[in-house]
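# Geometric and topological summary
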Amino acid sequence: MPSSTTLDLLSLQQPAEVVAIDWAAISDNEGRRLRALGIDKGVSVEKLYKGMFGMNDPIALKVGRMMIAVRKSHARAISVSPVAVTTTA
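Heads up: these notes are all about the structure in this document. What you see is a predicted model, and the numbers here were worked out from it, not measured in a lab. (Residues numbered from 1 in each chain as written. Predicted model: local features only at pLDDT ≥ 70, side-chain atom pairs only at ≥ 80, totals over all residues. Heavy atoms only, no water.)

### Considerations on the overall build of the protein chain
- In terms of helices and strands, the protein chain carries two helices and six strands.
- For the protein chain, the N- to C-terminal ordering of α and β elements is β-β-α-β-β-β-α-β.
- For 89 residues, the compact-globule estimate of 2.2 N^0.38 gives 12 Å, and the C-alpha radius of gyration of the protein chain, at 13 Å, lies within 12% of that figure.
- Per-residue burial over the protein chain gives 35% buried out of 89 residues.
- Considering only intrachain contacts with a sequence separation of at least 6, the fraction spanning at least 24 residues in the protein chain is 62%.
- Within the structure as shown, the protein chain displays about 5600 Å² of accessible surface, and the carbon and sulfur contribution to it stands at 54%. (Helix = DSSP H or I, 4+ residues; strand = E, 2+ residues; numbered from the N terminus. Rg over C-alpha atoms; globule rule 2.2 N^0.38 Å. Buried < 20%, exposed > 50% of the residue type's maximum accessible area, 1.4 Å probe, protein only. Contact = heavy atoms within 4.5 Å. Areas by Shrake-Rupley, 256 points an atom, 1.4 Å probe, with all protein chains shown as cover.)

### Considerations on the side chain of Glu46
- For Glu46, the position within the fold is in strand E3 (residues 44-50).
- Despite its burial, Glu46 remains without a salt bridge, the nearest opposite charge being carried by Lys62 at 4.7 Å.
- Those residues in contact with Glu46 that sit more than four places away from it in its chain are Gln13, Gln14, Pro15, Ala60, Leu61 and Lys62. (Lys, Arg positive; Asp, Glu negative; His and termini not counted. Salt bridge = Lys/Arg side-chain N within 4 Å of Asp/Glu carboxyl O.)

### Re the nonpolar core
- Membership of the largest hydrophobic core comes to 19 residues, with the highest contact counts inside it found for Leu7, Ile39, Val45, Leu61 and Val80.
- Sorting the residues of this core by element identifies strand E2 (15-21), strand E4 (59-63), strand E5 (66-70) and strand E6 (78-82) as the ones contributing at least two each.
- Discounting chain neighbours no more than four positions away, the residues touching Ile39 are Ile21, Trp23, Leu34, Val45, Leu61, Val63, Ile68 and Ile78. (Core = buried A, V, L, I, M, F, W, Y, C linked by side-chain atoms within 4.5 Å.)

### Describing the pairing of E5
- Bridge analysis of E4 against E5 gives five bridges, and the strand direction is antiparallel. When the bridges of E5 are listed, Ala60 appears paired with Ala69.
- Between E4 and E5, which follow one another and run antiparallel, lie two residues, and Gly64 among them has a positive phi close to 65°. (Pairing = 2+ DSSP bridges.)

### Quick notes on the environment of Ala69
- Relative to the helices and strands, Ala69 resides in strand E5.
- The partly exposed category is assigned to Ala69, whose relative accessible area is 39%.
- For the pair Ala69 and Asn56, spaced 13 residues apart in the sequence, the C-alpha separation amounts to 12 Å.
- Ignoring sequence-local partners within four residues, the contact set of Ala69 consists of Arg33, Pro58, Ile59 and Ala60.

### Observations regarding the environment of Ala60
- With respect to the secondary-structure elements, Ala60 resides in strand E4.
- For the pair Ala60 and Arg35, spaced 25 residues apart in sequence, the C-alpha separation works out to 16 Å.

Quick look at the structure:
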């Protein structure tokens, strides 16, 4: 499992933790919206779905108990570290 990747490249159904966000790549208004939706460093996310027809836009994420949609360009600005899935027996 790679130590870090961007959210747009994260595998579906893979839990991860946000390790960095390139806020310069996102407009101020869009950055405020992402923060209001809970996207920030240290947050747990999971990529649930991606758009169809080769564009893969938008991307549906699980953030806490919410499901939100982000543009692929925004997901590319968010660095994440995959988290190993643990199962209880």
